[in-house]
Amino acid sequence: MEHAGGDKLPGDPLFTHCHRELFHAQWKDLLDNEFIHAYKHGMVFVCGDNIKRRLFPQIFTYSADYPEKCVHTISLSLPTEVWL
Amino acid sequence: MLPEPPLPLSPHDVEVPPEVSALEADLDSTSAALVTGGNQSPSLEDPAAQSAQLPSTQHAVLTTSKNSFGVFRLYDEGSIPSVNDPKDQSWADPLPPPQLEECVSQLSPSFINPFHPYLNESSWQIGDWYWNQGAQKSKQNFKSLVEIITSANFQPEDLYHTKWAAIDCQLGSLGAVHDPPQTTPMTPDFEEWQVEDGGWMWRTMTISVPFPQHFLHPGPRDYISNFYCRSLLSIIREALSDPTRCKSFRFEPYSLRWNRSCEVDDIGIYGELFSSQAFIAAHCNLQDAQLDPTSCMLPQRIVAIMFWSDTTQLTAFRDAKLWPLYVYFGNELKYQHCTPTANLCSHAAYFQTVHVSFFAVIRI
């Protein structure tokens, strides 16, 4: 861990592992059971126009710059049914 | 620099969007160019035909009449926007009408002074010079101040009774009206940040770090991190419970097409996410699932989530940074997305990264 004093640890497999695990954990928290249920079965909601609808949240895009895109593509391995 | 919206199609079209008016007229009269889905079903072998129609063989397609530019829309007949749908000017005039006058008039119904909250032109000019011409005064600013007080319209006695602090306070409250906290949950305001019921949650993330044998303390060890986030569903509920915002939400997709003349095939136009093939396909799949008689009979609609994240450096000379996750909805106009005052962007989370200090403490 001779790079430990620096800001980044490029190439260190342990640090990469931790980074990925933490990122996964946070996304798992965001896409919680409530969201997954609404994703699959919809969410009944009376909208602001007083019309009751069954809403299905779906993820269409994820925009990020190149470094973050690398992080996402390498470390995201969520269930395929969640991602379009 | 914000992307500029395309020019309005024509003065006639801006006043009354031809598609919406034509569509509404078609629904009432017999001139609807209704094409049944059976003989217009897209062929998978023919990409042009596939892109020319809504990607479903189960749904009849309602074609709106062409406007003067030859642009028209294809709607799924089963999910046509409701009659009280917004006056959809998504491509005629993409920018929402300015609401400044409305807000001001709500605050002061007896609003007749054009320099409100300043009492008169002279005080407004001084106030404008103070607030709007840079925090650091330059010779150019000094020159403009001299021009103000030496102009024929300037009346020094008008300033005698001006309550500057009260006016500044009023100006500040005007700003708050344009930035309501319910649509911008994370404002720089410290008190807003601390609102408990804003839907934000502190979560604790724990990951197991397997330290190798050559470390001082090998074996698994927990790394604990805080995570500040909101429920994604609460963001959707918040957006759609606002009547104004709900009105501009496009639940029903359409395919936007262009046909210059009858001799040539029409061409698809790229535009909004809610008129994209992906959205139309998702919408049609949803409607097909609803054909099951045992399913819910409520209108089933897609809410298109668009994530966006970027690490943000907070200071110029330190390394403080944030990694926010932003959420936009693809059901709203992209031109409104880039209008900061529309407040359509929601913060969903602040990602945490692993601190290097965790490794530094227990390294060899």
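Note that the structure is a prediction, hence the values are computed from the model and not measured.

Asks: Help me get a handle on the interface of chain A and chain B, residues and values and all.
Replies: Listed per partner, the contact involves 42 residues of chain A and 53 residues of chain B. Going through the elements one at a time, helix H1 (13–30), helix H2 (33–41), strand E1 (43–46) and strand E2 (52–63) of chain A are the ones with two or more residues in the side of chain A that touches chain B. Here the side of chain A that touches chain B gets 12 residues from one element, more than from any other, and that element is E2(A). Looking at side-chain class alone, the side of chain A that touches chain B contains 24 nonpolar, 8 polar and 10 charged residues. In terms of strand pairing, E2(A) meets strand E8 (residues 300–309) of chain B through 9 bridges, oriented parallel. Across the sheet, the residue bridging to Ser63(A) is Trp308(B), located in E8(B).

Asks: Before we move on, can you summarise unusual backbone geometry with the specific residues and values?
Replies: A positive phi is found at Asn50(A), a non-glycine position, where the angle reads about 65°. By the element assignment, Asn50(A) lies in the loop between E1 and E2. Overall, Asn50(A) belongs to the exposed group, with 9 C-beta atoms counted inside 10 Å. Positive phi is not limited to glycine here, since Asn343(B) has a value of about 55°. What makes Asn343(B) partly exposed here is the crowd of 17 C-beta atoms within 10 Å.

Asks: Requested: an account of the sheet that holds strand E12 (residues 346–350) of chain B, with residues and values cited.
Replies: Taken in spatial order, the 7 strands line up as E1(A)-E2(A)-E8(B)-E11(B)-E12(B)-E5(B)-E4(B) in an open sheet, and their pairing is mixed. Looking at strand neighbours, the two that pair on one side only are E1 of chain A together with strand E4 (200–211) of chain B, the edges of this open sheet. Along the sheet, successive strands turn relative to each other by an average axial angle of 35°, direction set aside. Across 5 bridges, the pairing between E8(B) and strand E11 (residues 324–329) of chain B is antiparallel. Note on E11(B): the bridge partner recorded for Ser309(B) is Leu325(B). Contacting E2 of chain A together with E8 of chain B, helix H11 (residues 277–290) of chain B runs over the sheet at an angle of about 145° to E8(B).

Asks: Before we move on, could you go through the pairing of E2(A) and cite the residues and values that matter?
Replies: Residue and element names in this part refer to chain A. Here E1 runs beside E2; their pairing, made up of 4 bridges, is antiparallel. Bridged to Val44 within E2 is Arg54. The antiparallel hairpin formed by E1 and E2 contains 5 residues in its connecting segment, where Asn50 sits at a positive phi of about 65°.

Asks: Please provide a residue-by-residue account of the confidence of the model for chain A, values included.
Replies: All names here are of chain A. With 69% of its residues at a pLDDT of 70 or more, chain A has an overall mean of 75. Mean pLDDT in chain A bottoms out at helix H3 (residues 66–75), which sits at 68, and peaks at H2, which reaches 93. Segment residues 1–11 is flagged for pLDDT under 50; beyond a separation of four residues in sequence, or across chains, it makes 14 contacts in the model. Residue range residues 76–84 is modelled with pLDDT below 50. Its contacts to residues more than four positions away, or to other chains, number 10 contacts.

Asks: Help me get a handle on the nonpolar core, residues and values and all.
Replies: Core analysis: the largest hydrophobic core is formed by 39 residues, its most contacted members being Ile236(B), Val303(B), Ala304(B), Ile305(B), Phe329(B) and Ala348(B). Of all the secondary structure elements, the ones that give two or more residues to this core are H1 and E2 of chain A together with helix H9 (232–241), H11, E8, E11 and E12 of chain B. With 6 residues, H9(B) is the largest single contributor of residues to this core. Counting the residues that make up this core, at least three belong to each of domain 1 (11–96 + 254–290) and domain 3 (190–239 + 305–361) of chain B. Ignoring sequence-local partners within four residues, the contact set of Ile305(B) consists of Pro57(A), Gln58(A), Ile59(A), Phe60(A), Val327(B) and Phe329(B). Counting residues in hydrophobic clusters, the runner-up holds 8 residues, among them Leu62(B), Val71(B), Phe72(B) and Leu74(B).

Thresholds, definitions, all that
Residue numbering note: each chain is counted from 1, following its sequence as written. Lettering of chains starts at A and numbering of ligands starts at 1, both following the order in which they are written. In keeping with the model being predicted, local features are shown solely for residues with a pLDDT of at least 70 and side-chain atom pairs are shown and tallied solely at 80 or more, while totals for entire chains, interfaces and linings include all residues. Any two residues are considered in contact once their C-beta atoms, placed from the backbone, lie within 7 Å. Secondary structure counts use DSSP, requiring at least four H or I residues in a row for a helix and at least two E residues in a row for a strand, with both numbered from the N terminus. Gly counts as polar in this scheme, as do all residues outside two lists: the nonpolar Ala, Val, Leu, Ile, Met, Phe, Trp, Tyr, Cys and Pro, and the charged Asp, Glu, Lys and Arg. Strand pairing is assigned whenever DSSP detects at least two bridges linking the two strands. Counting other C-beta atoms within 10 Å of a residue's C-beta gives its exposure: the residue is buried at 20 or more, exposed at 12 or fewer, and partly exposed in between, where C-beta atoms are placed from the backbone. All axes are obtained by fitting lines to C-alpha atoms, using only the stretch in contact for helices, and the reported angles, taken between N-to-C directions, cover 0 to 180 degrees. Confidence of the predictor at the level of single residues is given by pLDDT, which spans 0 to 100. Working definition: the nonpolar core is a set of buried Ala, Val, Leu, Ile, Met, Phe, Trp, Tyr and Cys residues, joined through C-beta atoms within 7 Å. Domain start and stop positions are those given by an automatic or database domain assignment.

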